Amino acid sequence: MGMRSLLGLLLAATLSLAASAASAHPHVWITATSELLYAPDGTITGVRHAWTFDDMFSTYAVQGLESKTKGTFTREELTPLAQTNVESLKEYAYFTFARADGKKERFQEPVDYFLDYKDTVLTLHFTLPLKNPVKSKQLVLEVFDRSFFIDFQMAKDNPVKLVGAPAGCQMKLERPNDGTASAQKLNEQTFLNGENSNFGMMFANKITVDCP
């Protein structure tokens, strides 16, 4: 299967699903942790994500991949898959949206990315450097998929860490309310009207960091 971008394929499927009510519920589940990275002078330089895919997606993704030991994959063996994954994420802005003091910030392409395979699930690790490292009183970082094809849930334990943040910075995480019930009620027409093109925002994980 080689370099075929699995995540890309799945994400492309979203587009064909978008015309039907089926797109109002997720097809891939990700458990996420995020680290916000700070430079010694207190500027935020980027975000380090670790995204663990659900069993089904993980099984699908490693199908046909060569490995020396049956049933396990080394980081090296997963390198081509990691590369195609991060490349296909670009189109979706890495599902990561940042605002510093209300101003939208942009990210550079990911660095230090790799995949781990453990207990039959894949975890994608990658760092998103900010295009312009910024010192802000308030930073808001949201992780979500606008189309809600992918359901992001922040991990139960230590979902967010501040790495090297200035003393006195306070972080809070707002998890999405479970909106699955309302997702089921949406009929096809509402979806086609485009009012829900940002449907996934209802399921955003919102990290807010306030610094003195």
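Refer to the preceding data block for the structure.
Everything numeric in this text was worked out from a predicted model, so none of it was measured. (Residues numbered from 1 in each chain as written. Predicted model: local features only at pLDDT ≥ 70, side-chain atom pairs only at ≥ 80, totals over all residues. Heavy atoms only, no water.)

Undergrad: Which residues make up the overall build of the chain, and what values do they have?
TA: A count of helices and strands for the chain gives five helices and eleven strands. Residues counted as buried form 45% of the 212 residues belonging to the chain. Once local pairs closer than 6 in sequence are excluded, the contacts in the chain between residues at least 24 apart make up 74%. A total of about 11,100 Å² of accessible surface is found on the chain, and carbon and sulfur atoms cover 53% of it. (Helix = DSSP H or I, 4+ residues; strand = E, 2+ residues; numbered from the N terminus. Buried < 20%, exposed > 50% of the residue type's maximum accessible area, 1.4 Å probe, protein only. Contact = heavy atoms within 4.5 Å. Areas by Shrake-Rupley, 256 points an atom, 1.4 Å probe, with all protein chains shown as cover.)

Undergrad: Requested: an account of the environment of Tyr113, with residues and values cited.
TA: For Tyr113, the position within the fold is in strand S5 (residues 111-118). With a relative accessible area of 31%, Tyr113 lands in the partly exposed category. Along the chain, Tyr113 and Asn85 lie 28 residues apart, while their C-alpha atoms are 9.6 Å from each other. Apart from the residues lying within four places of it in its own chain, the contact partners of Tyr113 are Ala82, Gln83, Val86, His125 and Phe126.

Undergrad: For helix H2 (residues 55-62), give the residues involved together with the corresponding values.
TA: Regarding H2, the residues found buried are Phe57, Ser58, Ala61 and Val62. Along the axis of H2, the buried residues cluster in a sector spanning 120°; they form a single face. One side-chain oxygen at the N-terminal end of H2 lies 3.0 Å from the backbone nitrogen of Met56; it belongs to Asp54. One or two residues past the end of H2 sits Gly64, with phi positive at roughly 75°. (Arc of directions from axis to C-beta. Polar contact = N/O pair within 3.5 Å; in protein donor to acceptor, adjacent residues only side chain to side chain.)

Undergrad: Now, about the sheet that holds strand S3 (residues 96-100): what can you tell me, with residues and values included?
TA: Pairing is antiparallel across the open sheet formed by five strands, whose spatial order is S4-S3-S7-S11-S10. The open sheet has two edge strands, strand S4 (103-105) and strand S10 (170-174), and neither has a second partner. Here the average twist between neighbouring strands, direction ignored, is 20°. Both S10 and strand S11 (residues 205-210) contribute to a ladder of five bridges, which runs antiparallel. Across the sheet, Glu174 pairs through a bridge with Lys206, a residue of S11. (Pairing = 2+ DSSP bridges. Axes fitted to C-alpha atoms, helices over the stretch in contact; angles between N-to-C directions.)

Undergrad: If you had to explain the environment of Thr96 to someone new, which residues and values would you point to?
TA: Looking at the secondary structure, you find Thr96 in strand S3. Residue class for Thr96 comes out buried when judged on its relative accessible area of 3%. Put simply, Thr96 and Ala204 are 108 residues apart on the chain and 9.9 Å apart in space, counted from C-alpha to C-alpha. Setting aside its immediate chain neighbours within four residues, Thr96 contacts His49, Trp51, Phe107, Leu128, Leu141 and Glu142. There is a polar contact of 2.7 Å between the side chain of Thr96 and the backbone oxygen of Tyr94.

Undergrad: Break down the state of the cysteines for me, with residues and values.
TA: For the structure shown, the criterion picks out one disulfide. Across the disulfide from Cys169 sits Cys211; the S-S distance is 2.0 Å. Taking the sign of the S-S torsion, about 115° here, the bridge from Cys169 to Cys211 comes out right-handed. Of this pair, Cys169 sits in the loop between strand S9 (160-163) and S10 while Cys211 sits in the segment after S11, placing them 42 residues apart in sequence. Residues Cys169 and Cys211 agree in their burial class; the two are buried. (Disulfide = S-S within 2.5 Å.)

Undergrad: How would you sum up unusual backbone geometry? Please name residues and give values.
TA: A positive phi angle, near 50°, is found at Asp112, a position not held by glycine. Residue position: Asp112 is located in strand S5. Taking the relative accessible area as the measure of exposure, Asp112 reaches 59% and is therefore exposed. A positive phi angle is found at Asn158, which is not glycine, with a value near 45°. Within the element layout of this structure, Asn158 appears in the loop between strand S8 (150-154) and S9.

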